[in-house]
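# Reading the structure
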Amino acid sequence: MIQDFINKQFYYLYIFTLLFGVVLYDLIGFKSADEICALLLLIMFLFSVYKSKDWDFNKAFLFTIGVFFFYTYYSIYIGSNSLKAIITDLIIQMKPYLAFFAIYQLKPVFNKNQKKILQYLCLFIWFVLLPVGLIGFFDDLFIGKVMKHPTYYAASIVALSTTYLFCSNYTLKDKIIFLLMMSIGIASGRAKFYGFFTLAVVIILYFGKTSNIKLNFKNIFIFLCTLAGIFFVAWDKIQLYFVYGLTGEVEEDLIARYALYSTSIEIFKDYMPFGSGLASFATHASGAFYSDIYIKYGISNVWGLSKSGWEFIADTYYPSLAQFGLAGVFFYILFWIYILKKAFIYFLKSKNAKYITIALLITGFIAIENVADATITSNRGFFMMILLGLTVVELRYLELQEKKSDNNEIEKNKQIEPSNE
């Protein structure tokens, strides 16, 4: 059966992506790991479509493809960069959406034994990484020496912890283990992680209960308090990125990030409503194929944004939305509304808090990380989008099982109803 084949092969691909696409990605310098994973996922997706009888594509996926092809044509039309640069950026920008929708279309499901193995694997790798974090509490430079950068350590911890939670039975013990696994990421010293950990604690301990997932004044208040908590633990970095940048009283790399944010506002205004086009601003392609935008807006001399040294051009995600304009911002928000709405609808039918909790965690992780990193288009974002796709697939299966159970109950009741004759 084709679905059994997909389930088995994707399971191996998931483990490969976790190990080489996240945990060992920067440690061994295998920078093509996520591209290989994306290619294998695409091949699996095309194989599944070819083998299917009706070639049934998800409408949201087709709409997303249509949006990206429109922006490709638009970018070529306005000459945002060279054709090679535009195609390169198109591939990078589409990768996270391909990850989610391919999984949603493939509908892979892990069996109990596979989930148990994944749990043990995540715990084993976590224990290997644990001493690195413990030493990191006393030596600020140690994690960077071992993992190349503290951000990569934090990302590995998040990937391992969330995978463990996904494969668990979602008991109180599993929730506590998840939070304990996550807590060692604090050693990374990343303000983004502090914010995400604060969010994770609230989601797991409060919104992780089925009875608490509802829209009311109490939950809105708790959500607003959580946002305040996130801002509080990350306030020092928020000041660096958005306040001190006004005076230039920050390190050179932070000046680059501030320049990207401030310039993106001008680009939004000048390129209404579809933006400056692919490979034009705040993306890897716009640096590798140096865009004229940086010269036009007078930031080509900013350290890290110059043609000879553009290492901080793709250092954050939200400014790159200026490439897509206000219309692109609308589509980006619409995608996340689509995800959360679908997860909530499935939750209402299945009454299973586990998967909507994970969907909220992944959404929150990407939202926070994107402030000071292009996480969604990175290897880390690719992996989290795969996990998000798996989460929504599991919710859909729960819904189908619930419908099947209800239908069986109806048939059973029909059979035992007394005859009116």
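Let me begin by describing the structure that accompanies this report. Residue indices begin from 1 for each chain and proceed along its sequence in written order. pLDDT decides what is reported in this predicted model: residues at 70 or higher carry local features, side-chain atom pairs at 80 or more are listed and counted, and totals for whole chains, interfaces and linings draw on all residues regardless. Heavy atoms from the whole structure form the basis of all side-chain values; hydrogens and water molecules are not counted.

With that settled, the discussion passes to the side chain of glutamine 119. Secondary structure elements follow DSSP: runs of H or I no shorter than four residues count as helices, runs of E no shorter than two count as strands, and numbering proceeds from the N terminus. Tracing the chain through its elements places glutamine 119 in helix H5 (residues 112–136). Here the term buried applies to any residue with accessible area under 20% of the maximum for its type, exposed to any over 50%, and partly exposed to those in between, with areas from a 1.4 Å probe on protein chains only. You can call glutamine 119 buried: its relative accessible area is 7%. Contacts are assigned to residue pairs with any non-hydrogen atoms lying within 4.5 Å of each other. Dropping the residues within four chain positions of it, glutamine 119 is found in contact with Tyr164, Cys167, Ser168 and Asp174.

What follows deals with unusual backbone geometry. Across residues other than glycine, the phi torsion is negative in most instances, and most of the peptide bonds are trans. A cis amide bond links methionine 272 to the next residue, proline 273, at an omega of -10°. Positive phi, close to 60°, is recorded for alanine 282, a residue that is not glycine. Mapped onto the elements of the fold, alanine 282 is located in the loop between helix H12 (252–270) and helix H13 (284–288).

Another point: the environment of tryptophan 336. Take tryptophan 336: it is sitting in helix H15 (residues 325–350). Overall, tryptophan 336 belongs to the buried group, its relative accessible area being 9%. C-alpha separation for the pair tryptophan 336 and alanine 367, spaced 31 residues apart in sequence, amounts to 10.0 Å. With near-sequence residues (within four places) excluded, tryptophan 336 lies in contact with Thr363, Ile366, Ile376, Met385 and Leu388. Here a polar contact is recorded for every N or O atom pair within 3.5 Å, except that within protein the pair must consist of a potential hydrogen donor and a potential acceptor, and residues adjacent in sequence are included only if both atoms are side-chain atoms. Reaching out from tryptophan 336, the side chain makes a polar contact with the side chain of tyrosine 332 at a distance of 3.4 Å.

Our next topic: the side chain of threonine 163. Topologically, threonine 163 is positioned in helix H7 (residues 150–167). Residue class for threonine 163 comes out buried when judged on its relative accessible area of 1%. If we ignore the near neighbours within four places in the chain, the residues touching threonine 163 are Tyr14, Leu118, Cys122, Phe383 and Leu387.

Moving on: helix H8 (residues 172–183). The end-to-end C-alpha separation of H8 is 17 Å, in line with the 16 Å expected for twelve residues at 1.5 Å each. Among all positions of H8, only Asp174, Lys175, Phe178, Leu179, Met181 and Met182 are buried. End-on, the buried residues of H8 take up no more than an arc of 160°, which puts them together on one face. With respect to the buried face of H8, the exposed residues turned more than 90 degrees away are Leu172, Lys173 and Leu180. The span you would expect from a helix comes to 1.5 Å times its residue count less one. The directions considered for the arc run from the helix axis to the C-beta atoms.

The working definition used for a salt bridge is a side-chain nitrogen of Lys or Arg within 4 Å of a carboxyl oxygen of Asp or Glu. Following the criterion strictly, the structure yields six salt bridges and no others. Salt-bridge contacts for glutamate 394 lead to lysine 115; the nearest nitrogen and oxygen are separated by 3.2 Å. On the criterion of sequence distance, the pair formed by glutamate 394 in helix H17 (residues 379–416) and lysine 115 in helix H5 is long-range, its members being 279 residues apart. Using a relative accessible area of 8% as the deciding quantity, one classes glutamate 394 as buried. Residue classification places lysine 115 among the buried positions, given a relative accessible area of 13%. Its salt-bridge partner being aspartate 315, residue arginine 257 comes within 2.2 Å of it at the nearest N-O pair. Taken together, the residues span a long stretch of sequence, with arginine 257 in helix H12 and aspartate 315 in the loop between helix H14 (293–296) and H15 at a distance of 58 residues. Residue classification places aspartate 315 among the buried residues on the basis of a relative accessible area of 16%. Linked through salt bridges whose partners overlap, the residues forming this network are Asp34, Glu35 and Lys95.

Time to look at the packing of H5 against H7. Lines are fitted to the C-alpha atoms to define the axes, a helix being fitted only along its stretch in contact, and any angle between axes, read from their N-to-C directions, falls within 0 to 180 degrees. In the contact formed by H5 and H7, the axes pass within 9 Å of each other and the chain directions differ by 150°. Taken as axis vectors, H5 and H7 run roughly antiparallel relative to one another. Relative to H7, the crossing made by H5 is left-handed. On the side of H5, the interface is formed by Lys115, Leu118, Gln119, Cys122, Leu123, Ile125, Trp126, Leu129, Leu130, Val132 and Gly133, while H7 contributes Tyr153, Ser156, Ile157, Leu160, Thr163, Tyr164 and Cys167. Considering only residue class, the contact of H5 with H7 consists of 13 nonpolar, four polar and one charged. When describing relative orientation, an angle under 35 degrees is termed roughly parallel and one over 145 degrees roughly antiparallel, while 65 to 115 degrees is termed roughly perpendicular and anything else oblique. Helix crossings fall into two classes, left-handed where the near helix is turned counterclockwise from the far one by less than a right angle and right-handed where it is turned clockwise. The classification used treats Ala, Val, Leu, Ile, Met, Phe, Trp, Tyr, Cys and Pro as nonpolar, Asp, Glu, Lys and Arg as charged, and all other residues, Gly among them, as polar.

To continue, consider H7. Helix length check: H7 (18 residues) gives 26 Å between terminal C-alpha atoms against 26 Å at 1.5 Å per residue, within 8%. The element H7 is extensively covered by neighbouring structure, given that 17 of its 18 residues are classed as buried.

Time to look at the packing of aromatic side chains. Centres within 6.5 Å make a pair out of two Phe, Tyr or Trp rings, where for Trp the six-membered ring is used; the pair is then stacked when the planes are under 30 degrees apart, edge-to-face when over 60, and tilted otherwise. Applying the stated criterion across every chain, the model contains 41 aromatic pairs. With a centroid separation of 6.3 Å and an interplanar angle of 55°, the aromatic rings of phenylalanine 10 and tyrosine 14 are classed as tilted. With phenylalanine 10 and tyrosine 14 both in helix H1 (residues 2–23) and four residues apart, this pair spans about one turn of that helix. You'll find phenylalanine 10 and tyrosine 14 in the same group, each marked buried. Note on tyrosine 332 and tryptophan 336: the rings are 6.4 Å apart at their centroids and 70° apart in plane angle, and the pair reads as edge-to-face. Here tyrosine 332 pairs with tryptophan 336, and both are found in helix H15, just four residues apart, close to one helical turn. Just as tyrosine 332 is buried, tryptophan 336 falls in that class too.

We call a set of buried residues a nonpolar core when its members are Ala, Val, Leu, Ile, Met, Phe, Trp, Tyr or Cys and they connect through side-chain atoms within 4.5 Å of each other. Counting 121 residues, the largest nonpolar core has Phe10, Tyr14, Leu41, Phe281 and Ile366 as its most contacted members. With twelve residues, the top contributor of residues to this core is helix H4 (residues 83–106). With residues up to four places along the chain from it excluded, the contact list for tyrosine 14 reads Phe110, Leu118, Thr163, Phe383, Ile386, Leu387 and Leu390.

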